[in-house]
2 protein chains.
Amino acid sequence: MKKLINDPQNVVTESVEGFVLAHADIVTKNDDPLFVSRVGGAVQGKVGLVSGGGSGHEPLHAGFIGVGMLDAAVPGAMFTSPTPDQIAPALQAADGGAGVLAIVKNYTGDVLNFETGAELADAEGVEVATVIVNDDVAVENSTWTAGRRGVAGTVLVEKLAGAAAERGDDLATVTAIAQRVIDNVRTMGVALTACTVPHAGKPSFDLPEDEIEIGIGIHGEPGRHRIPLAPADEITATLLDAVADDLALAAGEQVLLLVNGMGGTPASELYIVYRQARALLEARGAQVARSLVGNYTTSLEMQGASVTVLRLDDELTGLWDAPVHTAALRW
Amino acid sequence: MKKLINDPQNVVTESVEGFVLAHADIVTKNDDPLFVSRVGGAVQGKVGLVSGGGSGHEPLHAGFIGVGMLDAAVPGAMFTSPTPDQIAPALQAADGGAGVLAIVKNYTGDVLNFETGAELADAEGVEVATVIVNDDVAVENSTWTAGRRGVAGTVLVEKLAGAAAERGDDLATVTAIAQRVIDNVRTMGVALTACTVPHAGKPSFDLPEDEIEIGIGIHGEPGRHRIPLAPADEITATLLDAVADDLALAAGEQVLLLVNGMGGTPASELYIVYRQARALLEARGAQVARSLVGNYTTSLEMQGASVTVLRLDDELTGLWDAPVHTAALRW
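All values derive from a computational prediction rather than experimental measurement.

Once that is clear, we can look at the pairing of strand 12 (residues 287-294) of chain B. Residues and elements named next belong to chain B. In this structure, strand 11 (residues 254-261) lies alongside strand 12, joined through seven bridges in parallel fashion. Along strand 12, the bridge assignment pairs Leu257 with Ser291. Between strand 11 and its parallel partner strand 12, the chain crosses via helix 7 (residues 267-283), and the hand of that crossover is right-handed.

Written as structure tokens, this is what we have:
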């Protein structure tokens, strides 16, 4: 295992410490329990947005704290759900009196712990609504998951619900927007290499030198099947077709196309995937109205990528274009 | 070799094609010869900024085209200098009548080809000034280099000179600012793993499983020495001390700290490096006034990072804070 780390047990705390120092104009942290939130505290009268989950998927979630997106994020240990006693104070910290929306990726531990955290926060007078992101079409159930997994589509939920909260929508409306995004977003990914959790010290799974895993999860959970390494255009077609078919995408629809890197894949390769995914969408008669390409929901140093398609409508497009000022997404 | 590519010979053209499609609001491309430039063409009356070099270092350089930074970029083949007949029309495309500054990383091929390209553009009536970036303190001469190599500090030269051009400075002033940045910026990097050039098909160098290369170049050129894998804080101290000593950094000075990922290293590790580099700068009495952490000057999928320190003054800080709107840097 070759990593730029010190004690494997300290990777999350040291990384969050560096992150907060580098972006002190945007974020601050609470140490015990650990969570990250907007500098200056909750915005009075605005619906708060909180997400969280196991670490190792950076910039998800703390990288998306800031104006137009999240108010707080709760980093668990590496690939491990945060605890309810971390989640509850983060929900409280994000509450500006208009309630808080928790955006939770569909993993059993995350769902349970956010549920308990929300109950604890509720007991302190915080109104909490929750949405569960489950955009991964690869498998129906999986390691740590009942139902579909939540993956890169989470970034789009956070951006669009965040913009709704920022313009002053109430909790029910922000929640409905988040759910509309979830209902209209689908993702599938591929791994070329495995990743190594620091305290485990060895790769999460074995992938032969001449094979790739189609439908990989963001923790290296098994996908649909392994195939021999193939040209990028073929791999992309497999991912895009699964996503677009599941979305029942019709000709004439407008979409947002996100090509997400898993952490270890160069930008040049992501743009090759983007090129083909876009061509295939256009061949279906869809219009790629908005795009995002980069490392947004990663799996440590895993090489691979995922393709996400979100069906847009005029309101969602407007929310996408609204200003955002976070460490990892800014316009 | 496991990569998300099609024919290795087409990596650059397909990647640039995807890049331009994804960022069509910012950039456009010329196909033959290949270069990328601002959509809408040169800004009349503004000094144009052009950079370029071998591909494989993305987002450098095309990712930095846009308001507040470059006007055009010339991507060579993978790790190979662009040709004069690519460079000359890019210089012409960037000329809004106030001349063009070429920002060239110090590699023999880049320097020669930009020199010839500038002569060709000059014959077409374009006034061209050139600066050579040589921020890498690791080695004095190297593969492909007489003198020090140009590495991640290039991004800071492009941002600060770009801001000067945007506010209306003339060619001599923009050139002087770029040179002031070059005079005050230093970098050193480390590789944990090698990278593989697609058409070569095998790693550029061999690095044993228990060793790392201190002072690596961005093409995998040899650095200062190989050492056994060490904790991140120790590695960071080696890099930061070399950089700060070479810069003759004094207590009380303000600096910009850039921790740059080589392409295959997760964000969490870059922030661990940032945390320690910042602590060491503060221990020297320097103040880290501005920061940048991420993959900005990469070496394909190489795992590793570099530490860059720029000595700031009030004018440079103001130019750093000026708005920028590119694919890879935006505020």
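Turning next to the relation of the copies chain B and chain A. Of the transformation superimposing chain B on chain A, the axial component is 0.0 Å and the angular component is 180°, with the fit at an RMSD of 0.0 Å. The superposition operator between the copies reduces to a two-fold rotation axis. Residues of chain B ranked by C-alpha distance from the rotation axis are headed by Gly264(B), positioned 2.0 Å from it. Interface residue correspondence from chain B to chain A reaches 98%, placing this contact among same-surface, isologous pairings.

Attention now goes to the environment of Ala165(B). By secondary structure assignment, the location of Ala165(B) is in helix 4 (residues 153-166). The spatial distance from the C-alpha of Ala165(B) to the C-alpha of Arg275(B) is 33 Å, given a sequence separation of 110 residues.

What follows is about helix 8 (residues 314-321) of chain A. All names here are of chain A. Looking at helix 8, one finds that the buried residues are Leu316, Thr317, Leu319 and Trp320. Axial view of helix 8: buried residues confined to an arc of 160°, hence all on one face. Buried positions along helix 8 lie against helix 4 (153-166), helix 5 (171-183), strand 11 (254-261), strand 12 (287-294) and strand 13 (304-311). Between a side-chain oxygen at the N-terminus of helix 8 and the backbone nitrogen of Glu315 the separation is 3.1 Å; the capping residue is Asp313.

This next bit is on the packing of aromatic side chains. Residues and elements named next belong to chain A. As enumerated under the stated definition, the model contains six aromatic pairs over all chains in all. When the ring of Trp320 is compared with that of Trp331, the centres are 5.1 Å apart and the planes differ by 55°; the resulting orientation is tilted. Linking Trp320 in helix 8 with Trp331 in the segment after strand 14 (325-326), this pair joins segments that are 11 residues apart in sequence. Residue Trp331 is classed as partly exposed on the basis of its relative accessible area of 29%.

Once that is clear, we can look at the interface of chain B and chain A. Tallying the contact residues gives 54 residues for chain B and 53 residues for chain A. Summing both partners gives a buried area of about 4,400 Å² for chain B against chain A, and 60% of it is carried by carbon and sulfur. Contact with chain A buries area across many residues of chain B, yet Lys2(B), Leu4(B) and Arg275(B) alone supply 21% of it, more than any other trio. Linking chain B with chain A are four salt bridges. For the interface between chain B and chain A, the tally reads 22 residue pairs in polar contact (both at pLDDT 80 or more). Taken together, the elements giving at least two residues each to the side of chain B that touches chain A come down to helix 1 (11-22), strand 9 (211-214), helix 6 (232-246), helix 7, strand 12 and strand 13 (304-311) of chain B. For the side of chain B that touches chain A, a count of residues per class yields 27 nonpolar, 13 polar and 14 charged.

It is worth spelling out the sheet that holds strand 5 (residues 72-78) of chain A at this point. Residues and elements named next belong to chain A. Here six strands make up an open sheet; going across it, the order is 1-2-5-3-6-7 and the pairing mixed. One side of each edge strand has no neighbouring strand; the edge strands of this open sheet are strand 1 (27-30) and strand 7 (128-133). Strand-to-strand twist across the sheet, computed as the mean angle between neighbouring axes with direction ignored, equals 25°. Strand direction decides the pairing type here: strand 3 (residues 48-55) and strand 5, joined by five bridges, are parallel. Pairing of Gly52 across the sheet is with Val74, part of strand 5. The strands that helix 2 (residues 84-94) touches are strand 2 (35-38), strand 3, strand 5, strand 6 (100-105) and strand 7; relative to strand 5, the one it contacts most, it runs at about 165°.

Quick look at the confidence of the model for chain A now. Of all residues in chain A, 100% attain a pLDDT of 70 or more, and the chain-wide mean is 97. Both confidence scores are given for the complex: pTM 0.98, ipTM 0.97.

Next up on the list: helix 4 of chain B. Helix length check: helix 4 of chain B, at 14 residues, gives a terminal C-alpha distance of 20 Å against a target of 20 Å (1.5 Å per residue), a fit within 8%. Buried residues dominate helix 4 of chain B, accounting for 13 of its 14 residues.

Rules used in this analysis
- Residues numbered from 1 in each chain as written.
- Chains lettered and ligands numbered in written order.
- Predicted model: local features only at pLDDT ≥ 70, side-chain atom pairs only at ≥ 80, totals over all residues.
- Heavy atoms only, no water.
- Pairing = 2+ DSSP bridges.
- Helix = DSSP H or I, 4+ residues; strand = E, 2+ residues; numbered from the N terminus.
- Right-handed = clockwise from strand over helix to strand, strands pointing away.
- Least-squares fit on C-alpha atoms with pLDDT ≥ 70 in both.
- Contact = heavy atoms within 4.5 Å.
- Buried < 20%, exposed > 50% of the residue type's maximum accessible area, 1.4 Å probe, protein only.
- Arc of directions from axis to C-beta.
- Polar contact = N/O pair within 3.5 Å; in protein donor to acceptor, adjacent residues only side chain to side chain.
- Phe/Tyr/Trp six-rings, centres within 6.5 Å; stacked < 30°, edge-to-face > 60°.
- Buried area = accessible area lost by both parts, 1.4 Å probe.
- Salt bridge = Lys/Arg side-chain N within 4 Å of Asp/Glu carboxyl O.
- Nonpolar A, V, L, I, M, F, W, Y, C, P; charged D, E, K, R; others polar.
- Axes fitted to C-alpha atoms, helices over the stretch in contact; angles between N-to-C directions.
- pLDDT = per-residue confidence, 0-100.
- Expected span 1.5 Å × (residues − 1).

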